[in-house]
Amino acid sequence: MRLVRYLPAVLVLVVAVLPLAVPWLKIVLTVALAKGLAVLGVVVLLRAGQVSFGHAMFFAASAYSAAFLMQGFAGADLAVLLLAGMVCSGTMGAVIGLFVVRYRYIFFGMLNLAFSMVLYALLEKMFHITGGSDGMAVGRPTYLGLELARTSFETALFYTSLGLAGAACWFVHRFLRSPLGEALSAIRTNETRLEYLGISARWILLIAYVLSAVLAGLGGSIIAVNQGVVTPDLGYWIRSGEFVFIAILGGAGHVLGAFAGALVYELVRFYAAAMAADVWQMILGFVLLGIILFASRGIVGLYRDLAAIAPGPRGHREPLR
Amino acid sequence: MSGTLLEASNLHISFGGVTAADGIDLEVFNGERLAIIGPNGAGKTTFLNICTGYLTPSAGSVRFGRRDITAMAPRAITRMGIARAFQTPQLFHDQRVIDNLLLAAAARERTWNPFRPLQDLPERDEMLELLELFGLAEVSTQMINELPEGNRKLVDIAVALALRPQLLLMDEPTSGVSTLEKFRIMDLLVEALAVQGVTSVFVEHDMEVVKRYADRVAVWSAGHIQSVGPPDQVLADPSVMRDVIGI
C-alpha cells in the first residue's frame, strides 16, 4: 500500500516513458497534455468559485495564431509559436476579462460562453481569412532552429509539452499558495471582507483570468502544431464544456487533477472511440457519473482517500477527511 | 483627545419611507473610544456603512483627516486607514485563523509576489503577536469554521487591526456572546486598541459595556443624533433611558 503514496511520481514516469514503448501513443498523450494545460486554466478560476463555459476561445485563438504565423513565416520556430500563442490569448484574456470579472457565478459562465460563441462565429464565417469550417493547415515548425522529421518532431513536441505541463503545474501551485492565490480563494468565500481589506476582488480575478487564458492559449498552440490543422471546432462551446468536464473528473480545483483528468479522459475517449465508435460519448458520460456518485472529489480525491488508508511511514493510519 | 479624525456633516439617507440618517453631524476625535447606542432601526449601522463606503448618502459628506471620503469605494477607504469589524464576523471560513490575518497583512503591505507563499510573509510573527494580544495564539492554526462565535468576533477584529488602521469601526462587537464573554472580549479589545493607538467607534446595545469602555457616547434616534457626551452624563438623561432602553 505504501506504493500508493508514490503513485503520482510513478504515473508521471510512466507517461514520460510510455511513448518510447508505444510510439503512436505520444500523439494522444500530447493532446491530453495540451488539454490539461487548458483545464489548468479552468482550475485557476474554479479556485475563485467561477466556472468558465467559454475557455475554448483562448484555446482556439492561440491555435489560430500559430496557423497564421506558420502561414506568414513558414520557417517559424515552435518556441515562437508557443510564445505568440500565449501573448495572443493573454491579451485577449485581459480585454475580455475587463468585462467578465464584473460578474459572478452563472453570469460569469454565460458571458464567457457568449464571447466564445462570437469568436466561433467569426472563425466559421470569415472564410477568406480563416478557411471557415475547413480551417487552416499548420505546417511543421522548426524545433530550436532544427528541421526535424515528423516522428522526431512529435517526440520533441511531446517532451516539450510534458516539460511545460510540469512548469505550469509548479507555477500555478506556487501562485495559488501566494497571497494572490489566497485572495483568489477568498472571492469564493467572502468577497465583502476582501473589499474591506482594501483588496479589489475584480483586480484579483482579472489577474487569475489572464493567467488562465495564457494557460489555455499554451494548450491551444500545442494542439495546433500536434494536429497540423486548426478548425473553428477548437473554440466551440462543446470544447469549453469538455474542459469543465475534465476539471471535475480530475478533481475540481486541484492542479494535478487537471492533468490526471485530461489523461484519463483522452485515454477513455481514445479506447472507447476505437472499440465502441457509436457510443463513446455515452461511455464518457458513465465515467463522469461514476466519478460524481462515488468519488465526488474526482481522481485526486480518490487518490487522497487511498493515500489516507495506506499505512504511513511508521505504520499508523491517517484518518479520512 | 486631540484633533478631529473623522467628521460627518449633515448626512442624509433614506430607504423607501424609512429615514436612516436625517442630518447627522458627528466628530470622532483622535484616540477616543466612541460608542453609538440607539434602538433597532435608528440608523447606527447605516452610519458605519456610509463611513466605510458601503452606502452613499443622498446629501452631506464624510471627511477623514483632510480628505473627503464620501462615496469612495470600501477598499479605497480601507487603504486610507479606516478598518471595519462586522456584527456577523466576515472571515474566510475555509482558511485558518493565521491565514486570515496574513491576507490582511499582505493587503496592507501590498505583497503580491506570486512565488512567495502566504505562510512565508515576514509579517507572520507580527500577526502571531496580534493573536497573542487577543488570547488567540493557540487557535492560530484552526479553521475559522471550527471556532466558537466569541472567538470569531475577536478574529474579525484582529483582522481589521492587522491592517494597522487609524480608525476602527465595529458593529456590535459583543452581540451574540455570553455576559462573561462580553467583558473578556472588551477587555482584550481595549488593550489591543491601546497598544496599537487606534481610535474606535463601536455600536453597542449593552449599557454596561458602554459605561465601562466608552470615552464618549452618541445616542441615535430615528436617523438623528439625540445627544453626545461622556457616558455617565448621557446615560443619566431620563429621555435617553426611555428612548434607548425603554425604561
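Positions within a chain are numbered from 1, following the residues in the order the chain's sequence is written. All chains are assigned letters beginning with A, and all ligands numbers beginning with 1, in the order in which they are written. Reporting of local features is limited, given that this is a predicted model, to residues whose pLDDT is at least 70; pairs of side-chain atoms are given and counted only at 80 or more, and all residues count toward the totals for whole chains, interfaces and linings. To obtain the side-chain values, all non-hydrogen atoms of the structure were used and water was disregarded.

Quick notes on the overall build of chain A
Helix and strand labels come from DSSP, where a helix needs a run of H or I of at least four residues and a strand needs a run of E of at least two; each type is numbered from the N terminus. Helix and strand content of chain A: 14 helices and two strands. For chain A, whose C-alpha radius of gyration is 20 Å, the value lies close to the compact-globule estimate of 20 Å for 321 residues. Each principal axis of the C-alpha atoms in chain A carries an extent, and together these give about 60 × 55 × 40 Å. Note on exposure labels: buried denotes an accessible area under 20% of the residue type's maximum, exposed denotes more than 50%, and partly exposed covers the range between, all computed with a 1.4 Å probe on protein chains only. Burial statistics for chain A: of 321 residues in total, 52% are counted as buried. In this description, contact between two residues means that some pair of their heavy atoms is separated by no more than 4.5 Å. Counting only contacts in chain A whose residues sit at least 6 apart along the sequence, the fraction spanning at least 24 positions is 79%. A 1.4 Å probe and the Shrake-Rupley method give the accessible areas. Residues count as covered only by the protein chains that appear here. As presented, chain A carries roughly 14300 Å² of accessible surface, and 70% of it is formed by carbon and sulfur atoms. Throughout, radius of gyration means the C-alpha value; the globule benchmark is 2.2 Å times the number of residues raised to the power 0.38.

Overview of empty space enclosed by the protein
All names here are of chain B. The rule is simple: put a 1 Å grid over the protein atoms alone, call a set of points where a 1.4 Å probe fits but cannot get out a cavity, call an open set with protein on both sides within 12 Å along at least five of seven lines a pocket, and count a residue as lining if it has an atom within 4 Å of a point. Grid points are joined across faces, edges and corners, and a volume is the space filled by probe spheres set on the points. Taken as a whole and judged by the stated rule, the model has one cavity of 30 Å³ or more. For the largest cavity, the calculated volume is near 30 Å³. If you trace the largest cavity, you find it lined by Ala85, Phe86, Lys153, Asp156, Ile157, Met170 and Pro173. Charged means Asp, Glu, Lys or Arg here, nonpolar means Ala, Val, Leu, Ile, Met, Phe, Trp, Tyr, Cys or Pro, and polar covers whatever is left, Gly included. Residues belonging to the lining of the largest cavity are distributed by class as follows: five nonpolar, no polar and two charged.

What to know about the sheet that holds strand β4 (residues 59-64) of chain B
Residue and element names in this part refer to chain B. By definition, two strands form a pair when at least two bridges between them are found by DSSP. Spatial ordering of the open sheet is given by β2-β1-β4-β5, a layout of four strands whose pairing is antiparallel. A single partner strand is all that each edge strand has here, and the edge strands are β2 (18-29) and β5 (67-68). In this structure, strand β1 (residues 4-15) lies alongside β4, joined through five bridges in antiparallel fashion. From the neighbouring strand, Leu6 faces β4, where its bridge partner is Phe64. Throughout, an axis means a line fitted to C-alpha atoms (over the contacting stretch in the case of helices), and angles, computed between N-to-C directions, take values from 0 to 180 degrees. The strands touched by helix α1 (residues 44-51) are β1, β2 and β4; relative to β1, the strand with the most contacts, the crossing angle is about 115°.

Observations concerning the sheet that holds strand β6 (residues 82-85) of chain B
Residue and element names in this part refer to chain B. With mixed pairing, the six strands of this open sheet are ordered in space as β6-β7-β8-β3-β9-β10. Because the sheet does not close on itself, it has two edges, and the strands there are β6 and β10 (224-229). The mean angle between the axes of side-by-side strands here comes to 20°, regardless of whether they run parallel or antiparallel. Pairing between strand β3 (residues 33-37) and strand β9 (residues 216-221): four bridges, direction parallel. Looking at the pairing, Leu34 lines up with Arg216 of β9.

Focus: the pattern of salt bridges
When a carboxyl oxygen of Asp or Glu is within 4 Å of a side-chain nitrogen of Lys or Arg, the pair counts as a salt bridge. In the structure shown here, the tally under the stated rule is 17 salt bridges over all chains. With its nearest N and O atoms 3.8 Å apart, the salt bridge here joins Glu242 of chain A to Arg269 of chain A. Linking Glu242 of chain A in helix α11 (residues 237-250) with Arg269 of chain A in helix α12 (residues 255-275), this pair joins segments that are 27 residues apart in sequence. Here Arg108 of chain B ties to Glu126 of chain B by a salt bridge, and the two come within 2.8 Å at their closest N and O atoms. Of the two residues, Arg108 of chain B is situated in helix α3 (residues 97-109) and Glu126 of chain B in helix α4 (residues 124-133); the sequence distance between them amounts to 18 residues.

Thoughts on the packing of aromatic side chains
All names here are of chain A. For Phe, Tyr and Trp, where Trp contributes only its six-membered ring, two rings pair if their centres lie within 6.5 Å, and the inter-plane angle classes them as stacked under 30 degrees, edge-to-face over 60, or tilted in between. Taken as a whole and assessed by the stated rule, the structure comprises 16 aromatic pairs over all chains. Taking 5.4 Å as the distance between ring centres and 25° as the angle between the ring planes, the aromatic pair formed by Trp24 and Phe270 counts as stacked. With a gap of 246 residues between them, Trp24 in the loop between α1 (7-21) and α2 (25-46) and Phe270 in helix α12 connect regions that are remote in the sequence. For Phe270, a relative accessible area of 31% translates into the label partly exposed. Between Tyr64 and Phe68 the ring centres are 6.4 Å apart and the planes differ by 45°, which places this aromatic pair in the tilted class.

Some points on the layout of surface pockets
Residues and elements named next belong to chain A. Computed from the structure, the largest pocket encloses a volume of approximately 720 Å³. If you go around the largest pocket, you meet 26 residues; those closest to its centre are Pro8, Leu11, Val12, Ala260 and Leu263. Elements with a minimum of two residues in the lining of the largest pocket: α1, α2, α7 (150-177), α12 and α14 (298-309). Per-element tally for the lining of the largest pocket: the top contributor is α1, with seven residues. Residue composition of the lining of the largest pocket, grouped by class: 23 nonpolar, two polar and one charged. The calculated volume of the second largest pocket comes to roughly 630 Å³. What lines the second largest pocket is a set of 23 residues, among which Arg47, Leu176, Gly253, His254 and Arg304 lie closest to the centre. For the lining of the second largest pocket, the secondary structure elements donating two or more residues are α7, α8 (179-189), α12 and α14. Broken down by class, the residue content of the lining of the second largest pocket amounts to eight nonpolar, eight polar and seven charged.

Examining the nonpolar core
Nine residue types can take part in a nonpolar core, namely buried Ala, Val, Leu, Ile, Met, Phe, Trp, Tyr and Cys, and a core is a set of them joined through side-chain atoms within 4.5 Å. Counting 155 residues, the largest nonpolar core has Leu184 of chain A together with Phe134 of chain B as the members making the most contacts within it. The element best represented in this core is α2 of chain A, accounting for 16 residues. Among residues more than four places away in sequence, those in contact with Leu184 of chain A are Val44, Arg47, Ala48, Phe175, Leu176, Ile204, Leu205 and Ala208 of chain A. Listed in part, the 32 residues of the second largest apolar core include Leu5, Leu48, Leu55 and Met80 of chain B.

Brief notes about the pairing of strand β8 (residues 199-203) of chain B
All names here are of chain B. Burial analysis of β8 places five of its five residues in the buried class, the great majority of the element. Alternating positions in β8 separate into two faces, Thr199, Val201 and Val203 on one and Ser200 and Phe202 on the other, with burial throughout. Bridge count for β3 against β8 is four bridges, and the pairing is parallel. Bridging from a neighbouring strand, Leu34 pairs with Val201 of β8. As paired strands, strand β7 (residues 167-171) and β8 are joined by five bridges and run parallel to one another. Counterpart to Leu169 in the pairing with β8 is Val201. With the strands aimed away from the viewer, a crossover counts as right-handed if its path from the first strand over the helix to the second runs clockwise. For the crossover from β7 across helix α6 (residues 179-196) to β8, the handedness is right-handed.

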